[in-house]
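Observations on the model geometry
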Amino acid sequence: MDFISLAILAVNGLRTVMGNPALGGGSSVRLDQASELLGILGVLLEQGDDAYEDLKDFTETIQAMVKGGREPSAAEWDILRQRSDDAHARLQRAKEELLEEEEPEVTPDPVPVDRGGNPLEPDPTPAVETLPDDDNPIVEPPQ
Amino acid sequence: MRQLDYRLAFLILCLSALTACQSANPIRAAETSEQRAYAAYGTFVIFQEKAADLVEQPSIPRNAKLAIIQAEERAKPVADSLLEAYVEFISVKAEFQAGNTSQDKLITASTRLDDWVTRLAPLVNELLRNIKGAE
């Protein structure tokens, strides 16, 4: 079993214990938060994708900040703000496309016209819908 | 004896999990209000970018994409408020350092900043749940 598999197993195990009072967990808000955090880490480890790596790199950035006893600079905030705006714009574009897919363009029914191009009056007699003989159920009159 | 083996295995698993927690937890790594705010906002941005990648994939179902977008839309105003609280904090901090305001005001601004970090966290979790659901 490799390290990642081991970590996933551990995270999920810890999460189960922490979220379940019967197993001795979930006794405080702090534990709930820890359980949620472990859930996130479990998900990320399971995915093994870039988000986990990004989070790890970002943690190292924060650790370096703490070690150097410095606060985030205005430039660092600006970079994050720009990335956030870009991602938000991409999400909004995707949303618009999804909503456009949902609402196909509605074309009105063509209005019947006479030979001169004038719209015809609607037929005042209601249309009687008839079913094909094969589909007409035979209803026995009540006795 | 077998029970002891299980305990030992579980202990090893716990240590592995703790290592994982340490290596990928920006908010826990932060010490000051400013660092925590930056860590929380940065974590949100990482998942926001992940969300944007996912909704652009044709293989993800439409409903899952919409759920991700809605989760991001719920979190975004809170993240923006965190930014505003940070700008206010920086302003109060400058005034305090110049001796133009009291320490109480600085503490209030710092508390407000931490409050927005606390509000953002569950919304980021929700966004991640939707990302996980889509995958």
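Residues numbered from 1 in each chain as written. Chains lettered and ligands numbered in written order. Predicted model: local features only at pLDDT ≥ 70, side-chain atom pairs only at ≥ 80, totals over all residues. Heavy atoms only, no water.

Some thoughts on the overall build of chain B
Cut-off, in case you're wondering: A run of DSSP states H or I qualifies as a helix once it reaches four residues; a run of E qualifies as a strand once it reaches two. Both are numbered from the N-terminal end. Using a 1.4 Å probe on the protein chains alone, a residue whose accessible area is under 20% of its type maximum counts as buried, one over 50% counts as exposed, and one in between counts as partly exposed. Contacts were defined at the residue level, with two residues in contact if any of their heavy atoms lie within 4.5 Å. Computed with a 1.4 Å probe, the accessible areas rest on the Shrake-Rupley method; for each residue, only the protein chains presented here act as cover.
When you go through chain B residue by residue, the secondary structure sums to five helices and zero strands. The order of α-helices and β-strands along chain B, N terminus first, is α-α-α-α-α. Evaluated residue by residue, chain B yields a buried proportion of 50% over its 135 residues. Contacts spanning at least 24 positions in sequence make up 69% of the contacts within chain B whose residues lie at least 6 apart. Accessible area for chain B stands at about 6800 Å²; split by element, carbon and sulfur atoms hold 56% of it.

A closer look at the overall build of chain A
Check the secondary structure of chain A and you find four helices and zero strands. N-terminal to C-terminal, the α/β element order of chain A is α-α-α-α. For chain A, the proportion of its 143 residues judged to be buried stands at 24%. Put simply, of all contacts in chain A between residues at least 6 apart along the chain, 25% involve residues at least 24 apart. Split by element, the accessible area of chain A, about 10500 Å² in all, is 54% carbon and sulfur.

With respect to the packing of helix H4 (residues 62-97) of chain B against helix H5 (residues 103-134) of chain B
Residue and element names in this part refer to chain B. Let me state the cut-off plainly: To get an axis, a line is fitted to the C-alpha atoms, and for a helix only the part in contact is used. The angle between two axes follows their N-to-C directions and goes from 0 to 180 degrees. Angle categories: roughly parallel below 35 degrees, roughly antiparallel above 145, roughly perpendicular from 65 to 115, and oblique for all the rest. In this scheme, a crossing is called left-handed if the near helix is turned counterclockwise away from the far one by less than a right angle; it is called right-handed if the turn is clockwise. Three categories are distinguished: nonpolar for Ala, Val, Leu, Ile, Met, Phe, Trp, Tyr, Cys and Pro, charged for Asp, Glu, Lys and Arg, and polar for the others, with Gly belonging to the last.
Relative orientation of the contacting elements H4 and H5 amounts to 165°, with a least axis distance of 8 Å. Relative to H5, the element H4 lies roughly antiparallel. Relative to H5, H4 is oriented so that their crossing is left-handed. Here the residues of the contact of H4 with H5 are counted per class, giving 23 nonpolar, four polar and eight charged.

Observations concerning helix H4 (residues 74-102) of chain A
The test is simple: Expected helix span is computed as 1.5 Å times (number of residues minus one).
Taking 1.5 Å of rise per residue, 29 residues should cover 42 Å, and H4 of chain A covers 42 Å from first to last C-alpha, within 8% of that figure. Looking only at H4 of chain A, the buried set comprises Glu 76, Trp 77, Leu 80, Ser 84, Ala 87, Leu 91, Ala 94 and Leu 98 of chain A. On its buried side, H4 of chain A packs onto helix H3 (50-67) of chain A together with helix H3 (33-55) and H4 of chain B.

Observations concerning a negative patch on the surface
Here is the rule we go by: Patch members must show over 30% relative accessible area and no salt bridge, and they are joined within 9 Å when carrying like charges or within 5 Å when they are nonpolar side chains of Val, Leu, Ile, Met, Phe, Trp or Tyr. Salt bridge, as used here: a side-chain nitrogen of Lys or Arg that lies within 4 Å of a carboxyl oxygen of Asp or Glu. When charges are counted, neither His nor the chain ends are considered; positive counts come from Lys and Arg and negative counts from Asp and Glu. By convention, the charge on Lys lies at NZ, on Arg at CZ, on Asp at CG and on Glu at CD.
Negative charge collects at one region of the surface, where Asp 50, Glu 53, Asp 54, Asp 57 and Glu 60 of chain A lie side by side. Looking at where Asp 50 of chain A falls in the secondary structure, it is placed in helix H3.

With respect to the packing of aromatic side chains
Convention followed: Working definition: rings of Phe, Tyr and Trp (its six-membered ring) pair if their centres are within 6.5 Å, and the pair is stacked with planes under 30 degrees apart, edge-to-face with planes over 60 apart, and tilted otherwise.
Going through the model one piece at a time under the given rule, you end up with five aromatic pairs over all chains. Ring centres 5.6 Å apart and planes at 45° place the aromatic pair Phe 58 of chain A and Tyr 38 of chain B in the tilted group. With one member in each of two chains, Phe 58 of chain A in helix H3 and Tyr 38 of chain B in helix H3 form a pair that bridges those chains. Just as Phe 58 of chain A is buried, Tyr 38 of chain B falls in that class too.

What to know about the environment of Pro 61 of chain B
Looking at the element boundaries, Pro 61 of chain B is found in the loop between H3 and H4. Once the C-alpha coordinates of Pro 61 of chain B and Ala 134 of chain B are considered, the two residues, 73 residues apart in sequence, prove to be 7.4 Å apart.

Description of the side chain of Ser 84 of chain A
Mapped onto the fold, Ser 84 of chain A is located in helix H4. Discounting residues that sit within four places of it in the chain, Ser 84 of chain A has contacts with Tyr 41, Phe 44, Val 45, Gln 48 and Lys 76 of chain B.

Here we look at the packing of H4 of chain A against H3 of chain B
Look at H4 of chain A against H3 of chain B: their axes get within 9 Å of each other, and the N-to-C directions meet at 30°. By the angle between their directions, the pair H4 of chain A and H3 of chain B is classed as roughly parallel. When the axes of H4 of chain A and H3 of chain B are compared, the crossing they make is left-handed. Of the residues that constitute the contact of H4 of chain A with H3 of chain B, the class distribution is 14 nonpolar, four polar and seven charged.

Concerning the side chain of Glu 34 of chain B
Note that Glu 34 of chain B resides in helix H3. Taking the relative accessible area as the measure of exposure, Glu 34 of chain B reaches 4% and is therefore buried.

Quick word on the confidence of the model for chain B
Residue and element names in this part refer to chain B. Stated precisely, the cut-off is as follows: As a per-residue quantity, pLDDT reports the predictor's confidence and falls between 0 and 100.
Summarising the model, chain B shows a mean pLDDT of 84, and 82% of its residues fall at 70 or more. When the criterion is pLDDT under 50, residues 10-16 qualifies, and its contacts beyond four places in sequence or with other chains add up to eleven contacts. Scoring the predicted complex yields pTM 0.65 and, for the interface, ipTM 0.82.

Digging into the pattern of salt bridges
Taken as a whole and judged by the stated rule, the model has 13 salt bridges over all chains. Here Arg 70 of chain A makes a salt bridge to Glu 76 of chain A, at a shortest N to O gap of 2.9 Å. Using a relative accessible area of 37% as the deciding quantity, one classes Arg 70 of chain A as partly exposed. Residue Arg 90 of chain A pairs with Glu 56 of chain B through a salt bridge whose shortest N-O separation is 2.9 Å.

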